[in-house]
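What the coordinates show
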Amino acid sequence: MGQSFRYEGIAYTVTISEVSLFPQGYAAVLTQRELLDEPSVIVADIGGWTVDLMRLDNRIPNAATCRSLELGMIRCLDEIAEQVHRTLGLSMTATQIESVLRGGVSSVDGRAREIIQREAGVYVHHLLFAITESGLDIRAMPTIFLGGGAAIMKRHVQASDGLFQPLILDDVSLNAKGYERLVGQLSRSAKNG
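Residues numbered from 1 in each chain as written. Predicted model: local features only at pLDDT ≥ 70, side-chain atom pairs only at ≥ 80, totals over all residues. Heavy atoms only, no water.

Let's talk about the overall build of the protein chain
What counts, and what does not: Under the scheme used here, helices are H or I runs from DSSP no shorter than 4 residues and strands are E runs no shorter than 2 residues, and both carry numbers assigned from the N terminus. Residue exposure (1.4 Å probe, protein chains only): buried if accessible area is under 20% of the type maximum, exposed if over 50%, otherwise partly exposed. The contact rule is simple, with two residues in contact once any of their heavy atoms fall within 4.5 Å. The method behind every accessible area is Shrake-Rupley, applied with a 1.4 Å probe, and residues are considered shielded solely by the protein chains displayed. Only four residue types enter the tally: Lys and Arg on the positive side, Asp and Glu on the negative side; His and the chain ends are excluded. All charge positions are set by atom: Lys at NZ, Arg at CZ, Asp at CG, Glu at CD.
Within the protein chain one finds six helices and seven strands. Secondary structure elements of the protein chain, listed N to C terminal, follow the sequence β-β-α-β-β-β-α-α-α-β-α-β-α. C-alpha atoms of the protein chain, sized along the principal axes, occupy 60 × 50 × 25 Å. Going through the 193 residues of the protein chain one by one, you find that 40% of them count as buried. Summarising the internal contacts of the protein chain: among those between residues at least 6 apart in sequence, 55% fall at separations of at least 24. Carbon and sulfur atoms provide 52% of the accessible area of the protein chain, an area that totals close to 11,300 Å². Seen as two clouds, the 18 positive and the 22 negative side-chain charges of the protein chain have centres 4 Å apart.

Have a look at this one:
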């Protein structure tokens, strides 16, 4: 039985016949063919509030390695705003800070820019340490960073951080694209099987 509703004067009935569930970030990783042959890969999906972690072993999510760290971009932006306010007395918005972090053109005070970049580096080092502390060794296997916060990694991860083959995917639509591909593969398998 479907669910019926009206939208802008038109009646609709929606019936969900099948549901497929995949871990956050998994579908996005499957779009990266060059890493699919790696025996183990770390996935770090940097969202607004959390950084969701898992390890893939032979392309399969290892449930025992799934972690969620409360170190998402909101925490990063809040800490940066606090440091700018504490040091310069300026109350910057998250939008201003994100613009600076992404290399956008803005009229932000040069001293504030320096603080923003420095604190972003501190955040990245703290995050990398937390990932390793959670039992996923970023020095031993490839790490894929994705999600809304991946762009900050692109600008602040350095060779001196010791990451083994980092891949930074800053396309915020990549999960959706990956899910679309997975559903297509599952549909083709069902038709052929």
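Thoughts on the packing of helix α2 (residues 73-88) against helix α4 (residues 110-133)
We apply this condition: Note on method: axes are straight lines fitted to C-alpha atoms, helices fitted across the in-contact stretch only, with angles between N-to-C directions ranging 0 to 180 degrees. Small angles under 35 degrees read as roughly parallel and large ones over 145 as roughly antiparallel, with 65 to 115 read as roughly perpendicular and the rest as oblique. The hand of a helix crossing depends on one turn: near helix anticlockwise from the far one by less than a right angle means left-handed, and clockwise means right-handed.
Two elements in contact, α2 and α4, have axes whose closest approach is 9 Å; the angle formed by their N-to-C orientations is 140°. One way to sum up the angle between α2 and α4 is to call them oblique. When the axes of α2 and α4 are compared, the crossing they make is right-handed. In this structure, α2 contributes M73, C76, E79, I80, Q83, V84, T87 and L88 to the contact, and α4 contributes R111, A112, I115, I116, E119, A120 and Y123.

Concerning a nonpolar patch on the surface
The condition that has to hold: A patch consists of residues whose relative accessible area exceeds 30% and which take part in no salt bridge; residues with like charges are grouped when within 9 Å of each other, and nonpolar side chains (Val, Leu, Ile, Met, Phe, Trp, Tyr) when within 5 Å. Each reported salt bridge corresponds to a side-chain nitrogen of Lys or Arg within 4 Å of a carboxyl oxygen of Asp or Glu.
Together, F5, Y7, I10, Y12, V14, I16 and V19 give the surface a local cluster of nonpolar side chains, amounting to about 730 Å² of exposed area. Those elements giving two or more residues to the nonpolar patch turn out to be β1 (3-7) and β2 (10-14). At three residues, β2 tops the list of elements feeding residues into the nonpolar patch. One can find Y12 in strand β2.

Some remarks on the nonpolar core
Basically, it comes down to this: By convention a nonpolar core is built from buried Ala, Val, Leu, Ile, Met, Phe, Trp, Tyr and Cys residues, the set being connected through side-chain atoms within 4.5 Å.
Residues V51, L101, Y123, L127, I131, F145 and M153 are the most contacted members of the largest nonpolar core, which totals 38 residues. If you list the elements that add at least two residues to this core, you get β3 (40-46), β4 (51-57), α2, α3 (94-101), α4 and α5 (150-156). Among the elements that make up this core, the one with the highest residue count is α4 (ten residues). Discounting chain neighbours no more than four positions away, the residues touching L101 are M73, L77, I80, I116, Q117, A120, I152, R155 and H156. Counting 17 residues, the second largest nonpolar core, distinct from the first, contains L36, L56, I144 and L182.

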